[in-house]
Structure formats: C-alpha cells, structure tokens
Amino acid sequence: MAFWDGLRRGRSLQFDSGSAATNSIELTKRHPTVSLTKQGAATGNLRVNLSWRMRTSDIEGRSKQSGRLLRHPFKLFQPDVVQAHTQGVVNVDLDLGCLYELTDGSKGVVQPLGSFFGSINEAPYVKLSGDDRFGSPSGETIYVNLDHRESIKRLLFFAYIYDQTPAFDRTHAHVTLYPSNGPRVEIELDERAPQARSCAIFSMENVKGELVVRREVKFVYGFQAELDRLYGWGLQWGRGYKNRV
C-alpha cells in the first residue's frame, strides 16, 4: 500500500507544482493575451516550439480492458469480441509555419512545405530550424529575432497536417514560446476538430511598439490559403510538395 501511495504522492506533487516551478504563462480562452514587452521578453531570439504525441483508441482500449480484467479475472479466458473500424496508431506529420508581415509592407510565409525556411539575421527575421516528420520529443522550432521587432508588424503561427488523414482530435499538441528573458508561454491545441487540416495557433502583433501575443487556436478544414483568408494576408497560394525521406 505504501508503494502505491508513494506513486500517487509523486504524481500529485509533479502536477501541482507545474506552472510555478517552470515559471510559465498559459494562454487560455479566458486569458488569451500576454505582452512580451511588459514581461521584459521582447529582445533576443524567441524560440517557438511545436511538439505532439498521439492519442490512440487502441492504447486507451487496452488500458480499460486491463481494468476490467482486474475486476473480472475470468474474462481472461473468454475470446475477444472483434470490432470493426477500430482506429490504430495514426502517424501524423504536423508542420509548424509562420505567416509574416513586416512594417515595410513585405509579406510571406516560413514553413517546411516548399522549403521556405526564412532567415534570422535578415528579413523576415523568422527562421524554421528544420522539418520533424516523425513527432520526435524535440518537435519543430521556429526562431524570431526580436532585436528587429521594429521591423515586424505581425506574425501568425500555425500548424497543419501534411498529406495525411486529419487527426488533430487524436493528437496531443502544444506550443511553447521560449523568450530569451522572462517566463515561457504555453498554448495547448486542446479543442477537438476531427476533420481539420490546419490550426492558427497564436498571433504576435506590434501594437505601438509593444509586442502582444494572442492565443488563436482556430481550426480550419483547408490549408494555408484558408488561414490567409481568415486573417487577411493576401498572398497567392499553390500546391506544394515535400521531398520523400
């Protein structure tokens, strides 16, 4: 009994100490904005990381089945009921991208599709570190050079599922902003949109010299062109492809 109690206490302590220990700010529907300027976090390189892990009905189903066997051990000797249309593990290739508009009027996108990786020390001062196609723990990362914040009018960070079955509803995805100074900012993609292929995650806007981050978390059923129309970017879009790995 002491062993299980120890496990429960460990989990509880880890959960309860979350935000305070990590010095983070979570953006929610109720509290959707934060000023990087007021947090003292509007200089240096801002790191934006998208990471995810899969939710599978198979795994959840096995967990529930194990619980039933503990309550009814004789079920172990009964054959499993075959169920049609069960969902297995779905491999999802989430991509992180960023629409940008600079104060000189130039606009564009930084994203893996089309190899638009951007640049950190020259316009657009936004750079994608690489394309993670396998959901590794490091996820995907975009850097923003906030030392050039006076050149940035607005940014829109988004995620999309490239060329695979929509599965945002089965993906635990979250985005973390790591400023060079100040607390990090957490945004969960926690709304369910089973058929959505893209999601506007958050925007960053230069409002009279103040950098304001706003949680968006708006799912759409198309791709970048639909996000463009939703936020009024006015770019021309065509079909893009990735090189095979």
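For every chain, the first residue of the written sequence is number 1, and numbering continues from 1 along that sequence. Thresholds applied to this predicted model are a pLDDT of at least 70 for local features of residues and 80 or more for the giving and counting of side-chain atom pairs; totals over whole chains, interfaces and linings are not thresholded and use all residues. The side-chain numbers reported here are obtained from all heavy atoms of the structure, hydrogens and water having been left aside.

1. Digging into the sheet that holds strand 5 (residues 107–110)
Strands pair in a sheet through their backbones, by hydrogen bonds, and they do so in one of two ways: parallel or antiparallel. Pairing between strands is defined by DSSP: at least two bridges between them are needed. Runs of H or I in DSSP of at least four residues are treated as helices and runs of E of at least two as strands, each being numbered from the N terminus. The strand order across the open sheet built from six strands is 2-13-12-9-4-5, with neighbouring strands paired in antiparallel fashion. A single partner strand is all that each edge strand has here, and the edge strands are strand 2 (33–35) and strand 5. Across the sheet, the mean angle from the axis of one strand to that of its neighbour is 20 degrees, orientation sign disregarded. Sheet analysis places strand 9 (residues 152–161) next to strand 12 (residues 198–207), joined by seven bridges and oriented antiparallel. Note on strand 12: the bridge partner recorded for F158 is A200. With axes taken as lines fitted to C-alpha atoms, and helix axes fitted only over the stretch in contact, angles between N-to-C directions fall between 0 and 180 degrees.

2. Details of helix 4 (residues 224–231)
Here's how the labels work: a residue is buried when its accessible area is under 20% of the maximum for its type, exposed when over 50%, partly exposed in between, all with a 1.4 Å probe on protein chains only. Where helix 4 is concerned, the buried positions are Q224, L227, D228 and Y231. When helix 4 is viewed along its axis, its buried side chains cluster within an angular range of 105 degrees and face the same direction. In what follows, residue pairs with any heavy atoms lying within 4.5 Å of each other are defined as contacts. Looking at the packing, one finds that the buried side of helix 4 touches strand 9, strand 12 and strand 13 (210–220). Phi turns positive one or two residues past the end of helix 4, at G232, with a value near 65 degrees. Regarding the arc, it is the one traced by the directions from the helix axis to the C-beta atoms.

3. Thoughts on the confidence of the model for the protein chain
pLDDT is a per-residue confidence score from the predictor, ranging from 0 to 100. Chain-level pLDDT for the protein chain is 77 on average; 68% of the residues reach the 70-or-more range. At the low end of the mean pLDDT range in the protein chain sits helix 1 (residues 2–16), at 36; at the high end sits strand 2, at 97. Predicted confidence is poor over residues 1–21, with pLDDT under 50, and the contacts of this stretch with residues over four places away or in other chains come to one contact.

4. Let's talk about the side chain of N49
When you line up the elements, N49 lands in strand 3 (residues 45–54). Its relative accessible area of 8% is what places N49 among the buried residues. The definition of a polar contact used here is a pair of N or O atoms within 3.5 Å, where within protein one atom must be able to donate a hydrogen and the other to accept one, and adjacent residues in sequence count solely through side-chain atom pairs. A polar atom in the side chain of N49 sits 3.1 Å from the side chain of T141.

5. Some points on the environment of G222
Within the fold, G222 resides in the loop between strand 13 and helix 4. Given a relative accessible area of 13%, G222 falls into the buried group. Distance from G222 to R197, taken between C-alpha atoms, is 5.8 Å for residues 25 residues apart in sequence. Among residues more than four places away in sequence, those in contact with G222 are R197 and S198.

6. Description of the nonpolar core
If you look at the biggest cluster of nonpolar residues, it comprises 44 residues, and the most contacted ones within it are L36, L155, L177, I201, F202 and M204. In contact with F202, other than residues within four places in its own chain, are V48, L155, L156, F157, V175, L177, I187, V213, R214, R215 and E216. Buried residues of nine kinds, namely Ala, Val, Leu, Ile, Met, Phe, Trp, Tyr and Cys, make up a nonpolar core once their side-chain atoms join them within 4.5 Å.

7. A short note on the pattern of salt bridges
A side-chain nitrogen of Lys or Arg and a carboxyl oxygen of Asp or Glu constitute a salt bridge if their distance falls within 4 Å. A full pass over the atoms with the stated rule returns eight salt bridges. Here R154 ties to E101 by a salt bridge, and the two come within 2.6 Å at their closest N and O atoms. Of this pair, R154 sits in strand 9 while E101 sits in strand 4 (residues 94–102), and the two are 53 residues apart along the sequence. In this structure, R154 and E101 share a single accessibility class: buried.

8. Things to note about unusual backbone geometry
A cis amide bond links A123 to the next residue, P124, at an omega of 10 degrees. Here S115, not a glycine, exhibits a phi torsion of approximately 60 degrees, which is positive. Inspection of the secondary structure puts S115 in the loop between strand 5 and strand 6 (118–119). For Y125, which is not glycine, the phi torsion reads 65 degrees and is therefore positive.

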